[in-house]
2 protein chains.
Amino acid sequence: MPKVIFQLEGAGAVEMTCNPGDNLLELARRGNVAIDAPCSGNGSCGKCRVKLLEGELETIPSRHITPEEFEAGWRLSCNCKVIGDCTVLVPDIASAYQSRMKTADLSSPEEVAIFESAKTEMETEGNLPYTNCFCAVQVEMDAPSEADTMPDNERLTWAVQSVAEVDTVKIPYTVMVKLAATLRENDYRVCVKGEKKDGVFTCMEIGPYDDTKLVGCAIDIGTTTVSMVLVDLISGEILAKGSSGNGQIRYGADVINRIIESSRPGGKKRLQDAIVKETLTPIIANLCKAADISARSILRLSIGANTTMNHLLVGVDADPVRMDPYIPSFFAWEGLTAQDLKLPANPLAPIIIAPNIGSYVGGDITAGTLATMMWDRDEMTLFIDLGTNGEIVFGNRDFLMSCACSAGPAFEGGDISCGMRATDGAIEAVTIDKDSMEPTLTIVGDAGQKPVGICGSGIIDIISELFRCGIINARGLFAREGSRVARDAHGMGRYILATAAESETGREVSINEVDIDNFIRAKGAIYSGIDTLLQSVDMTPDCIERVVVAGGIGSGINMKNAINIGMLPDVELDKYHYIGNSSLTGAYAMVMSDAATDKCHEVGANMTYLELSTYPGYMDSFVAACFLPHTDASLFPNSVQEM
Amino acid sequence: MPKVIFQLEGAGAVEMTCNPGDNLLELARRGNVAIDAPCSGNGSCGKCRVKLLEGELETIPSRHITPEEFEAGWRLSCNCKVIGDCTVLVPDIASAYQSRMKTADLSSPEEVAIFESAKTEMETEGNLPYTNCFCAVQVEMDAPSEADTMPDNERLTWAVQSVAEVDTVKIPYTVMVKLAATLRENDYRVCVKGEKKDGVFTCMEIGPYDDTKLVGCAIDIGTTTVSMVLVDLISGEILAKGSSGNGQIRYGADVINRIIESSRPGGKKRLQDAIVKETLTPIIANLCKAADISARSILRLSIGANTTMNHLLVGVDADPVRMDPYIPSFFAWEGLTAQDLKLPANPLAPIIIAPNIGSYVGGDITAGTLATMMWDRDEMTLFIDLGTNGEIVFGNRDFLMSCACSAGPAFEGGDISCGMRATDGAIEAVTIDKDSMEPTLTIVGDAGQKPVGICGSGIIDIISELFRCGIINARGLFAREGSRVARDAHGMGRYILATAAESETGREVSINEVDIDNFIRAKGAIYSGIDTLLQSVDMTPDCIERVVVAGGIGSGINMKNAINIGMLPDVELDKYHYIGNSSLTGAYAMVMSDAATDKCHEVGANMTYLELSTYPGYMDSFVAACFLPHTDASLFPNSVQEM
């Protein structure tokens with residue numbers, strides 16, 4: 001049997017044996033070797049590059065690999081069959097996901113300020129107090145004696161009853177098994193942590209008298225990245241925060257490819273393990289260490305995640321999400337605890353899942369909507385979450401309409417030849433000098449970082465600037481020539497942001513007409529979604545009184561440029577607000593506040609889901625939006641092309 | 001490091017390496033080799049015999065091994081240190097426990113008749129209907145469509161709500177994860193099993209429409225044996241029944257030795273595994289197979305067990321049971337489920353534990369008391385459970401007093417040189433011809449079985465017959481000589497039931513003055529317990545209107561002989577009733593009937609526990625009872641010594 005060595009860039013090697021003819025990408029997945037494969041092995045994204053160092057591979061040619069690159073050993077792993085022993089170099093994407101990804105995880109002061117403001121609004125305006133049913137009860141008891149023959153559990157019950165003022169005390173198995181030893185080790189002075197509700201106190205943890213910390217864990221599970229905060233359940237203080245890539249990424253960048261993988265034999269478990277064991281568990285463990293708390297002090301968790309992520313997390317069959325009639329297995333569901341998923345937390349800790357409202361509008365959006373406060377206000381608000389996909393909510397206190405746009409992964413660098421996620425080397429902002437056509441780049445990373453590729457916010461800037469400078473026309477085709485504009489043998493134009501010499505990798509960073517066309521379709525999907533949602537309630541863009549933009553893309557987005565290319569509606573810039581990771585903010589509110597949890601479920605139950613693909617007029621609206629800025633230029637009076 | 005091979009009689013071998021000087025019995029336990037050790041390695045019981053086949057052992061001499069036996073290789077494993085490689089033969093006690101032990105497990109028609117009668121009394125007289133909160137709900141739903149967009153969990157919730165007429169339907173994780181697939185595989189026609197209580201239906205299992213079987217599992221966990229029945233939770237029919245030895249036996253015959261073992265490092269887990277994994281799990285699996293049901297159909301379990309067995313089962317620190325002030329960790333406790341113990345049953349199935357009322361009066365006694373009906377009657381009832389220990393309850397509908405007698409293991413053959421449990425070869429009944437002094441033996445096993453030793457009921461018969469025939473006097477010392485009476489070098493007399501030639505093993509089966517003394521102390525403990533309990537309520541034996549005897553010993557017990565030696569009070573024989581395994585009968589009632597479960601807890605809460613060891617006058621009563629039949633012979637007018 002052939003032996004394949006996956007040489008991991010800067011991190012050892014994985015050796016595997018396989019059958020002749022096995023697909024290299026699938027083999028890598030079996031061995032838990034992280035190879036970036038947004039299209040999940042369809043050969044369309046060109047991201048799953050590996051470099052053949054030794055031996056041979058049977059390879060289907062790909063437009064993503066130039067003859068020079070092929071010569072140097074570069075292959076798309078999804079296009080390769082193993083035919084004998086070989087060694088391949090795997091670029092270091094895994095550690096990029098784990099450490100360098102720019103995420104909306106409250107790591108910058110700006111994000112914290114935005115978060116604090118949303119948090120305060122929910123409490124004061126929204127009347128959602130940050131109080132919950134968890135409490136720590138410190139009790140002191142006498143030791144048993146011949147004259148006082150109460151057994152341990154009754155002794156604790158009486159003590160907790162009088163201090164917590166409840167009728168009933170429940171002692172579940174996890175507490176019962178350590179009760180005798182804990183009481184005796186602490187001379188019958190202990191602290192009991194638990195849930196107090198309707199006159200019943202359910203013990204969740206018992207420990208030393210002075211350990212009274214109660215911890216909540218709010219989690220945003222994005223298709224691409226996962227962000228998390230540990231919070232003090234009494235004070236609301238953030239004890240630790242962190243993020244990493246979603247370990248499911250190697251099974252596909254988008255939800256569809258992951259669902260397909262999950263429906264293969266053993267797939268549900270693979271996908272669940274990838275998020276639970278490989279992603280959430282290490283982050284929680286790290287945050288517990290950082291906050292110096294025991295995992296058993298985490299008494300409640302909350303999750304903001306899209307419908308597919310929720311299904312894969314729980315381990316529930318996700319196929320119904322993608323299959324006609326697109327009815328998922330659950331919208332709202334209560335009943336999950338940490339022990340069900342074997343998460344490092346108190347085994348009895350309930351996990352609140354922000355409710356889904358459709359196959360493609362999930363709990364991240366209901367949690368995000370909670371954070372926007374639009375459910376409480378008169379002003380008509382448009383809420384746009386630009387993550388791996390785009391979801392839109394429109395409405396106010398009287399109604400809420402939502403839809404999902406099949407925008408694809410363009411906003412995270414997918415479907416774009418030099419696209420990448422917002423890690424080191426990503427071009428995140430661009431201006432172009434109209435006359436010289438020379439670009440000025442802002443690059444993620446330390447000073448001196450050379451460009452590697454382009455992330456979502458950078459692509460918006462580039463296309464907006466190319467259009468403003470007249471370098472491309474309304475159809476996205478090149479209209480000017482110059483030193484930064486090149487054409488291939490078929491005449492396809494491209495704009496060179498960094499030559500091979502200027503780049504980090506020795507590969508040119510550019511954007512071509514196919515990329516631009518892909519992006520225009522993506523932005524057209526967003527705009528036509530907004531347009532259709534407005535039409536469905538007989539409104540027009542001038543009804544919009546407030547626009548709230550959220551999501552990973554949002555942090556670097558230039559709203560003016562997004563309007564300029566007709567992606568976002570042309571309303572006054574001061575109506576635009578960036579709200580950061582609204583899913584995480586909503587999850588925070590839910591874990592801290594019982595009222596916010598109820599409110600999020602109410603918001604979900606009252607939100608109407610519009611299925612765009614079957615909505616009359618949507619396709620016309622989409623086609624009309626696939627121009628720069630739009631076929632109806634009157635919709636974008638502020639869009640500028642300096643001819 | 002020395003290598004020890006444990007050659008198992010008729011069942012392969014276990015090879016272990018150890019450090020020089022390691023104790024052989026402890027090594028066997030580490031390797032899960034079952035060696036009978038009722039005294040748990042104190043060297044006092046003489047039961048942990050092994051035969052040295054090869055190599056050497058450093059051995060402390062023991063009175064339990066004759067020089068001839070030593071020569072033949074016999075050793076007490078607790079008295080041996082490993083000093084080099086060796087091979088020892090381990091007698092086949094394990095399979096005796098598993099298959100040949102005579103237990104009160106409803107395996108005979110007599111036992112079934114007794115059980116049925118108690119069952120009917122509880123229902124009719126006791127007003128405890130055999131109804132419970134479990135039900136199977138068959139539902140038919142439409143498949144989701146574009147016009148009917150309800151997700152799976154809401155769809156099921158609506159369907160169950162309307163059929164089961166409940167307000168709330170809870171779908172826990174274990175059902176949620178299989179919901180989507182089960183609905184689709186069964187075309188949305190399914191049967192949901194669960195618990196219906198206070199308007200809430202909690203789903204516990206979902207499966208095919210026609211699989212409506214609901215199963216309960218009632219378990220008696222004795223210190224020595226475990227008995228179990230699977231019952232149909234609707235009809236009450238017994239679906240399967242079985243029993244085996246308690247796998248903890250290798251850690252000691254009595255509860256004290258097991259508690260000591262459990263408090264050693266890793267001990268709690270070892271003792272819990274021995275009962276859960278090695279004992280209960282295989283029995284349940286076998287019974288499920290016999291009844292052709294899936295383990296997930298078992299929706300409730302009930303346990304009748306003594307306080308120590310309950311603590312070791314749950315994995316709760318049992319040390320408080322044996323340590324001053326003898327207050328266990330729990331009496332009654334609700335909150336255990338099958339998944340906590342990883343038992344093969346529905347993971348959500350609650351496990352009802354019959355409440356303990358003291359360190360040495362446990363749930364087997366409260367469950368047994370439930371079965372006696374004494375809590376419902378006017379007549380003064382004395383309930384005696386003779387198992388590995390002896391527990392006594394006295395009272396009627398107005399009061400219930402209970403105590404435990406430190407009778408030791410004599411009734412199961414412990415503390416008696418030729419004592420054994422009631423397996424093949426045990427002498428279970430004896431008559432002696434007064435003139436010839438020749439015995440007539442009844443032996444457990446097939447026709448032609450030769451005697452191996454003496455079990456509890458046999459010992460009662462022998463001592464009663466020896467006393468009746470004047471062969472021993474009131475102090476238990478030999479008063480006649482003859483061919484069946486022998487004396488050793490120190491003049492200690494013994495009665496030979498079977499010579500070496502007549503026995504199965506080639507070893508003489510006899511009872512000596514030390515054995516008789518041990519037994520007289522045991523029967524004295526029982527009688528003085530009864531006496532003290534009566535005194536505590538200012539009553540005398542003639543107040544007893546009914547005597548109910550239960551327990552493994554009971555099935556073969558000759559009441560007349562037990563009265564003759566002053567073990568049981570001298571009341572009319574027709575007041576005596578044998579009730580079989582009352583703990584199992586009570587457990588059956590609890591698993592079937594919510595009312596019986598409540599009643600058992602009520603009985604436990606209302607029962608007074610009398611600690612004999614500190615009760616004034618108990619020691620005097622005990623000393624007075626350590627004669628045949630008693631120092632006050634007027635208490636036993638029907639006791640006969642034919643001088």
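Bear in mind the structure is a predicted one, so any value in this text is a computation, not a measurement. (Residues numbered from 1 in each chain as written. Chains lettered and ligands numbered in written order. Predicted model: local features only at pLDDT ≥ 70, side-chain atom pairs only at ≥ 80, totals over all residues. Heavy atoms only, no water.)

Caption draft 1: Here's a closer look at the overall build of chain A. For chain A, the helix and strand inventory stands at 18 helices and 26 strands. The C-alpha radius of gyration computed for chain A amounts to 27 Å, which stays within 12% of the reference 26 Å derived for 643 residues, consistent with globular compactness. Dimensions along the principal axes, computed over C-alpha positions, put chain A at roughly 100 × 65 × 50 Å. The buried share of chain A, reckoned over its 643 residues, is 59%. (Helix = DSSP H or I, 4+ residues; strand = E, 2+ residues; numbered from the N terminus. Rg over C-alpha atoms; globule rule 2.2 N^0.38 Å. Buried < 20%, exposed > 50% of the residue type's maximum accessible area, 1.4 Å probe, protein only.)

Caption draft 2: Representation of the packing of aromatic side chains in the model. Residues and elements named next belong to chain A. Throughout the structure, instances matching the rule amount to twelve aromatic pairs over all chains. Ring plane angle 85 degrees and centroid distance 4.9 Å describe the contact between Phe115 and Tyr588, whose orientation is recorded as edge-to-face. Within this pair, whereas Phe115 is found in helix H4 (residues 109–124), its partner Tyr588 is found in helix H16 (residues 582–592), the two being separated by 473 residues in sequence. The two residues Phe115 and Tyr588 agree in class, both being buried. Ring-pair connections join several aromatic residues into one group, and the members of that group are Phe115, Tyr130 and Tyr588. The residue whose ring lies beneath Arg49 is Trp74, and the NZ or CZ to ring-centre distance is 6.0 Å. (Phe/Tyr/Trp six-rings, centres within 6.5 Å; stacked < 30°, edge-to-face > 60°. Lys NZ or Arg CZ within 6 Å of the ring centre and 35° of its normal.)

Caption draft 3: The arrangement of the sheet that holds strand S2 (residues 13–17) of chain A in detail. All names here are of chain A. In space, the five strands of this open sheet follow the order S2-S1-S5-S3-S4, with mixed pairing throughout. Each end of this open sheet is capped by a strand with a single partner; those strands are S2 and strand S4 (74–76). Averaged over neighbouring strand pairs, the angle between their axes works out to 30 degrees when direction is ignored. Here strand S1 (residues 3–8) runs beside strand S5 (residues 80–90); their pairing, made up of five bridges, is parallel. Across the sheet, the residue bridging to Leu8 is Val90, located in S5. (Pairing = 2+ DSSP bridges. Axes fitted to C-alpha atoms, helices over the stretch in contact; angles between N-to-C directions.)

Caption draft 4: Up close: the domain arrangement of chain A. Taken as a whole, chain A is organised into domain 1 (3–99), domain 2 (134–208), domain 3 (215–353) and domain 4 (382–583 + 609–633). For domain 1 of chain A and domain 2 of chain A, the distance between their C-alpha centres works out to 57 Å. (Domains from an automatic or database assignment.)

Caption draft 5: Examining helix H17 (residues 594–606) of chain A more closely. All names here are of chain A. Its 13 residues place the ends of H17 18 Å apart at the C-alpha level, agreeing with the 18 Å of an ideal helix rising 1.5 Å per residue. Turning to H17, the residues buried within the fold contact strand S14 (351–353), helix H12 (363–372), strand S17 (399–405), H16 and strand S26 (607–609). The N-terminus of H17 is capped by Ser593, whose side-chain oxygen sits 3.3 Å from the backbone nitrogen of Ala595. (Expected span 1.5 Å × (residues − 1). Contact = heavy atoms within 4.5 Å. Polar contact = N/O pair within 3.5 Å; in protein donor to acceptor, adjacent residues only side chain to side chain.)

Caption draft 6: Spotlight on the relation of the copies chain B and chain A. When chain B is fitted to chain A, the best match, at an RMSD of 0.2 Å, comes from turning it 180 degrees and sliding it 0.1 Å along the axis. In the structure described here, the two chain copies are related by an operation that fits a two-fold rotation axis. By C-alpha distance to the rotation axis, the residue of chain B lying nearest is Gln339 of chain B, at 5.4 Å. Take the interface residues of chain B: 100% of them recur as interface residues in chain A, which is what a same-surface contact looks like. (Least-squares fit on C-alpha atoms with pLDDT ≥ 70 in both.)

Caption draft 7: Up close: the packing of H12 of chain A against H16 of chain A. All names here are of chain A. Running from N to C, H12 and H16 point in directions that differ by 75 degrees, and their axes come no closer than 7 Å. The angle between H12 and H16 places the two elements in the roughly perpendicular class. From H12, Asp364, Ala367, Gly368, Leu370 and Ala371 reach across to H16, where they touch Ser582, Ser583, Thr585, Gly586, Ala587, Ala589 and Met590. (Parallel < 35°, antiparallel > 145°, perpendicular 65-115°, else oblique.)

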